[in-house]
Structures are given as C-alpha cells and as structure tokens.
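Analysis of the macromolecular model
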Amino acid sequence: MKWFSLKKREEIPAKKAWLIRIVAVVLSVLCAGLVILLLGFHPFVTFGEIIKGALGSKIRLTQTVLKAVPLTITTLGIIIAFKMKFWNIGGEGQIMMGALAASVVALNFPDMPRGLLLLCMGIAAVIGGGLWAFIPAFFKAKMGTNETIFTLMLNYLAIKFVTYLQYGPWRDPGSKGFPKVADFTQNAVLPNVFGLHIGWIIALLLTVAIFLFMNYTKKGYEVSVVGESIDTARYAGMNIQSIIITAMLISGGLCGLTGMIQASAIEKTLTYSLSAGMGFTAIITAWLSRLNALASLFVCIAFAVLLQGGAYIQISMQIPAAVADMIQGILLFFVLSSEFFLQYKVSFHFKKAKGVA
Amino acid sequence: MEGFLAAAVIAGTPLLFATVGELITEKAGNLNLGVEGLMVMGAVIGFLVGYRTGSPVLACLGALAAGSVGSLIFAVLTVSLRVNQVVTGLTLTIFGQGFASFVGSSVMGAVLPYSIKEFFQVIAIPGLSSIPFIGPIFFKQDIFVYFGYVVVVATSIYLYKTKKGLNLRSVGESAASADASGIPVNLYKYVHIIIGGALCALGGAYLSLVTVPVWQENIIAGRGWIAVALVIFASWNPIKALVGSYLFGGLNILGFRLQSVGIHISQYLIDMLPYAATIFIVIISTRKNKKEDMPPADLSNPYFREER
C-alpha cells in the first residue's frame, strides 16, 4: 500500500502556481546556504556579500547591468529554440562566430564611419551566429539529426578556431609577444548612453520584439506548435523544415549579436574567452523564465546579480566564484522539481489509506 | 605504430567508462546529458580523496560515490518527478562544473602522491602481453584499462544474457509493457541510472588520477559529450562502444603524434578533430535503419502509470 497518490492536475490557479515556484526558490536558497555552511563559510554573510558586490555601489551596479545585457540577448535566442524543443546548447559557439564575423569587419574596415561600421558589424555578427545555428538546423530539418550533440560540438569547433586565430594568423605583432588580436579602432566600439554602452537599449528593444514575435505573430505561433507536436504542425499543413531553419537562424543570430556586443563594447577585440559560459547560463535563465521573453529580462537581471556578486565574493571573502555556478545549478534543480508539483497533485494519506488508482 | 595504438587505448579509456555508463542509463530509457558534469565530479572527488589519503582504491570509490550522488539527483528529478530529461541533464552538467571548480580550487595545480602513480603503473599480463602486435597494445596497460575490458564484457553479458538485462531492455523499449508484465520500472530506472552515473564518474577519475595527475578545472574538455555521441555511434552496443572509444582516443592524441613525426599543424586546429569527427558520426548515424541499431524506443519519455 502506498502512503501517497498522484493525480494529474487539470488546471492550477495562477496564485498557487506562483506560490509553488516561490517556495522552490526559497528552498533552493536554503539548500545553497547549507552547502556554503558545509564548506565552512557563513551563509548569511556570503549572501549579503553577493548582494553588496552586485548592487553596493554605482560601479558595481554598472558591472551587473553589463553582465545582464549579453545574458538577456542570448537567453532570447535560446528561448526561441527551446520553444520549438530544439535543444540549442550551441549558444557559446554562436556567440563566438558572431564575434568573429564582427571582428572581420572591424579589423578590415577600421576607418569606416562609426555608425555604418557598427551596423555592418552587427549584421555580420547576426549572419555569423545564424550560420553556425543553421548547420545543425539544416541537418535536423532534413534528416532528423540529433541537435544537442551537434550544437555542442560546434561550440568547441568555434572556440578552438578562434583560439587558433588568436595564437596564430591574427596575433597582433604589436602586442609585445602577448597572444592577442589587435584592438578595434574607436569607430568599432559601441557608444555609451547614460554611462553604459548602448547594448542595454538593444537588449530591452529585443526583449519586447521577441515577446511580440513569439506571442503575436504567425511565425512565432508556428514555432510553438512545432515544439508542442510535430504531428499537429504537419497536419495543419505547416512547412516544418522551413520553420525549424528560420527559428534557428533567429536564435543563432541573437547569440551572434551578443558576440558582437561583447567584442565591441567589452573586450574591444576578439578573444577566445569572450563567451564566458553565457551560452550555458542562458539555458538556465531561459528555462527559469518558462520560455517567456518578458520574464527572461527579470531572470537575467537576477542572474547578473548572482554572477557579479559571485565575482565579488571571490575577492572579498576568498570564496571561489564557482560558488555562484553551484547556486545556479541548485536553483534550477529546485525550480525543475517544482514543475512536478504544478502538474501533479500529491495527496498524502497516512492512516486510512484509500486504494490507489 | 604500436606505441600510438597503445596510447590511443589509454586516451580512450575515460571515454569508454563514460560511454558504457551512458549506454546503461539509456537502456533504462533515460537520456542523461549530465555525463560531462558527472565526469568532472568524479574527477575532482577522485583527485581530492587520492590527494588526501594517498589510497588509489579510496579515490576510485570516492569517484563512484560522487557519480552515484550526481545521477541520483538526475534520477529523482526525471524518474520520480518526471522533469524534462534534456534540461535536467544540462543542469547536472552546469552544477557539476560549478561543484568541481569550487571544490577543486583548494587543490589547483597540486600533484598526486607517489603511491597512486605506483598503483596505476603499467602491468604486463603474462602470456597475453607477448602476443605480437596485440599484446603491447592491449595487455601492457594499467589496471584501470583492464577494468575497462571487464566492464564492457560484464555489461554485454548482463544486457544480452541475463533475465535482469532483458528486463532492463524492456523498460527502455516500453516502460508501460514492462510495468504490465510486473517489472518494477522505477526501481530498474533508478538502479541503472545510478550505476551508469557512477561509471561516468569513474571515467572522469581516470583523467585526474592517471592521465593528467594534476588537478585542472577543464580536465574533461567535452569528453562527456563525446561519450553521449559515442553511444549513438555504438548503436547502444557495449562492444561497439569499446571500438568507438579507442578510435576517439586515437583522435585525441593524433596531434602530438603528428608533431613528433615532423608534421606541423597548429595544435588548436588538430584539437578540433575529435569534435568534428563527433559531428560527422552524429550525422551518419542518423541514416541507420536496421532495427537493432535503433535507440531504446522509450528513450527520454517520462513514464507515469496513470497516463497509459
């Protein structure tokens, strides 16, 4: 005899759903605190330092926003792919290829007028990232090739290739033996608006655009249908191959644009480390925001706090920044588990157990 | 040539453990994309235990424990809570990497004690090692490599010659029919996910204990993902997994070999080879249509009895 039974929920009131999610987040914070405690640090002090490090001063706040910008744009790209149940874990590679394409433009036409140069770099980046997503999308659409491993392997290819360029043919002879690509000219660097590079405006605009695209356009709707059920999509006469490819071009294009922004505004050149795990973090943020573009904005800001705070405690408390990665993982485990309680009703019966259906 | 092939076997051994581990997991109908995370958890715990105790056996047990705990999380989420397996696996990878770089930061760059190096030195198997060509490649290796052979043979026998193996395969093919015939589906899933995860972690430990006995964060370098691809390449067959793993081991070390015979191609370009080859394999395996080459039919479908 079982002491609990499960029933699939028909529908769940929005209030209750949010309550369950909030409980999940609270539990994950408690669990993360426990881990920190076990490792010999004070959890409250650690959490306090994370918040302080992310929001404590104007400079730190700026840093937090600068981390939120690329994460948001990448997350938008991942959302589109995941909505289609196309497991694009190639964000890293698409960011890299976008940065590479933008760098080709920036390094070859350093004297183009600033606005035009930046526009060309942006377009090149979208094409570069889009192309890197197109390859697995093409094989998925035509042959049903497993996209998870494909996109992931493309990450390694892109990163190794950029490393090769940085240490080989593109190495700047003027950098005194330090293996780096030549810096961009000032024309190839994104301008600042209110003390921050213009990327934050781009991120906000794109968030709204993708939200509208996913919820209010025919194409966006088709993407969700393909994700829900390929058979339904086929029955409705949708061109599945073209939907997969288009959606992935947008997904990869957004990641590519992230690469351009990071190369132009942050690194001011091409480096093999500029994607910094963002393609993977974006998977978490995309899922936490339940593949909703507007929600992703808030999730990404919260994550930027965690990332920036994690970097800060490394210096202030000598705790490795990886603790932030771990907290992310724990957070996601709990939120994923909470999905179960949204879908199923668990009833406990300890003494007079009724028959289980 | 013999030297190269023997080195390929060594380089392929971590892949072998991870591939067989993932294969067992997938036979239970669960796709665990957390192999990379499990490997790095095994690598860091194995290294830490080995570094502190100097005992190779404890180090391996530690790695197995780390893999079991990691895959237990996966099992709870995907089997009991029916969470999406792809996302859970990815999370496990992200968590594992964070865990490893956090836990490992205290031993960054540390070197393992001699007792471990000694334990994993080459032991030639009398008789077998004197077979020309084959002997030096397969039977003049360390104990870990031999254990890899044992795991492959044991897994094959278990899967195809025992009642439990048959039950396991039926769970992966159709959880509902297995349940109907009285097989405890969830128990099977739990046990095999955990065994599979422990093997993945052991593969990671091989890297940190034997291959590069110095702790470094990016020690796995995508091998977990290659293992996931190798399962497809091997058509869910442990013997083919062995061939695939050694083949990829060879690709991994090709760069050094080419340079030592005077062919100079950038190391970074050669490093791309195993990844490019993985893509190639994933593409060509899509074209398979023989029945025994297919994935378990119920792979990555959560099972809920009431929904039959």
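Along each chain, residue indices are assigned from 1 in the same order as the chain's sequence is written. Labels are handed out in written order, letters beginning with A for the chains and numbers beginning with 1 for the ligands. Only residues with pLDDT of 70 or above have their local features reported here, since the model is predicted, and side-chain atom pairs are shown and tallied only from 80 upward, although totals for entire chains, interfaces and linings are computed over all residues. Remark: hydrogens and water are excluded; side-chain values derive from all non-hydrogen atoms of the structure.

We now examine the overall build of chain B. Secondary structure summary: chain B contains 14 helices and two strands in total. The globule rule used here is 2.2 Å times the number of residues to the 0.38 power, and the radius of gyration it is set against is calculated over C-alpha atoms. Computed over C-alpha atoms, the radius of gyration of chain B comes to 19 Å, within 12% of the 19 Å expected from 2.2 N^0.38 for 308 residues, which places it in the range of a compact globule. Principal axes of the C-alpha set define a box for chain B whose edges measure 60 × 45 × 40 Å. For this analysis, residues touch if any pair of their heavy atoms sits within 4.5 Å. A separation threshold of at least 6 residues defines the contact pool for chain B, and within that pool the share at least 24 residues apart is 78%. We get accessible surface area from the Shrake-Rupley algorithm with a probe of 1.4 Å; when it comes to residues, only the shown protein chains can shield them. By element, 68% of the accessible surface of chain B is carried by carbon and sulfur atoms, the whole surface being about 12000 Å². Here Asp and Glu are counted as negative and Lys and Arg as positive; His is not counted, and neither are the chain ends. Charged side chains are reduced to one point each, which is NZ for Lys, CZ for Arg, CG for Asp and CD for Glu. Put simply, chain B has 19 plus and 15 minus side-chain charges, and the middle of one group is 6 Å from the middle of the other. Each helix is a run of H or I in the DSSP string that is no shorter than four residues. Each strand is a run of E no shorter than two, and both are numbered from the N terminus.

This next bit is on the pattern of salt bridges. Residue and element names in this part refer to chain A. Salt bridges are identified by distance alone: a Lys or Arg side-chain nitrogen within 4 Å of an Asp or Glu carboxyl oxygen. In the structure shown here, the tally under the stated rule is seven salt bridges over all chains. Linking Glu222 and Lys219 is a salt bridge whose minimum nitrogen-to-oxygen distance equals 3.6 Å. Of this pair, Glu222 and Lys219 both sit in helix α8 (residues 218-228), three residues apart, roughly one helical turn. Classification of Lys219 as partly exposed rests on a relative accessible area of 35%. For Arg234, the salt bridge goes to Asp231, with nearest N and O atoms at 3.2 Å. Of the two residues, Arg234 and Asp231 both sit in helix α9 (residues 230-235), three residues apart, roughly one turn of that helix. Each member of the salt-bridge network shares a partner with another, and the members are Lys218, Lys219 and Glu222. Only protein chains enter the accessibility calculation, which uses a 1.4 Å probe; a residue is then buried when its area is under 20% of its type maximum, exposed when over 50%, and partly exposed in between.

This part is about unusual backbone geometry. All names here are of chain A. Positive phi values are uncommon outside glycine, yet Lys85 reaches one of about 55 degrees. In this structure, Lys85 sits in the loop between α3 (58-83) and α4 (91-108). Given the relative accessible area of 39%, Lys85 is considered partly exposed. In this structure, Phe194 is a non-glycine residue whose phi angle is positive, near 55 degrees. Positionally, Phe194 belongs in the loop between β2 (192-193) and β3 (196-197).

Turning next to the confidence of the model for chain A. All names here are of chain A. For chain A, per-residue confidence averages 88 on the pLDDT scale, and residues scoring 70 or more make up 96% of the total. Within chain A, strand β1 (residues 4-8) has the poorest average pLDDT of any element, 73, and α4 the best, 96. Every residue carries a pLDDT, the predictor's confidence in it, which falls somewhere between 0 and 100. Note on residues 353-357: pLDDT under 50 across the span, and seven contacts to partners over four residues away in sequence or across chains.

All names here are of chain B. Contact geometry of helix α7 (residues 143-161) with helix α12 (residues 238-260) gives a least axis separation of 8 Å together with a crossing angle of 150 degrees. In this view, α7 runs roughly antiparallel relative to α12, as classed from their interaxial angle. Within the contact between the two elements, α7 uses Tyr149, Val152, Thr155, Ser156, Leu159 and Tyr160 and α12 uses Pro238, Ile239, Leu242 and Tyr246. Under the scheme applied, nonpolar residues are Ala, Val, Leu, Ile, Met, Phe, Trp, Tyr, Cys and Pro; charged residues are Asp, Glu, Lys and Arg; polar residues are all the others, including Gly. Residues of the contact of α7 with α12, tallied by class, amount to eight nonpolar, two polar and no charged. Where helices are involved, their axes are fitted lines through C-alpha atoms of the stretch in contact, as for all axes, and angles between N-to-C directions lie from 0 to 180°. By definition in this entry, angles of less than 35 degrees are roughly parallel, angles greater than 145 are roughly antiparallel, angles of 65 to 115 are roughly perpendicular, and the rest are oblique.

Right, let's get into the environment of Ile78(A). All names here are of chain A. Examined against the element boundaries, Ile78 turns out to sit in helix α3. Classification of Ile78 by relative accessible area gives buried; the value is 0%. Each C-alpha atom, one on Ile78 and one on Phe280, is 9.6 Å from the other, the two residues being 202 residues apart in sequence. What Ile78 contacts, discounting residues up to four positions off in sequence, is Asn88, Ser251, Gly279, Ala282, Ile283 and Ala286.

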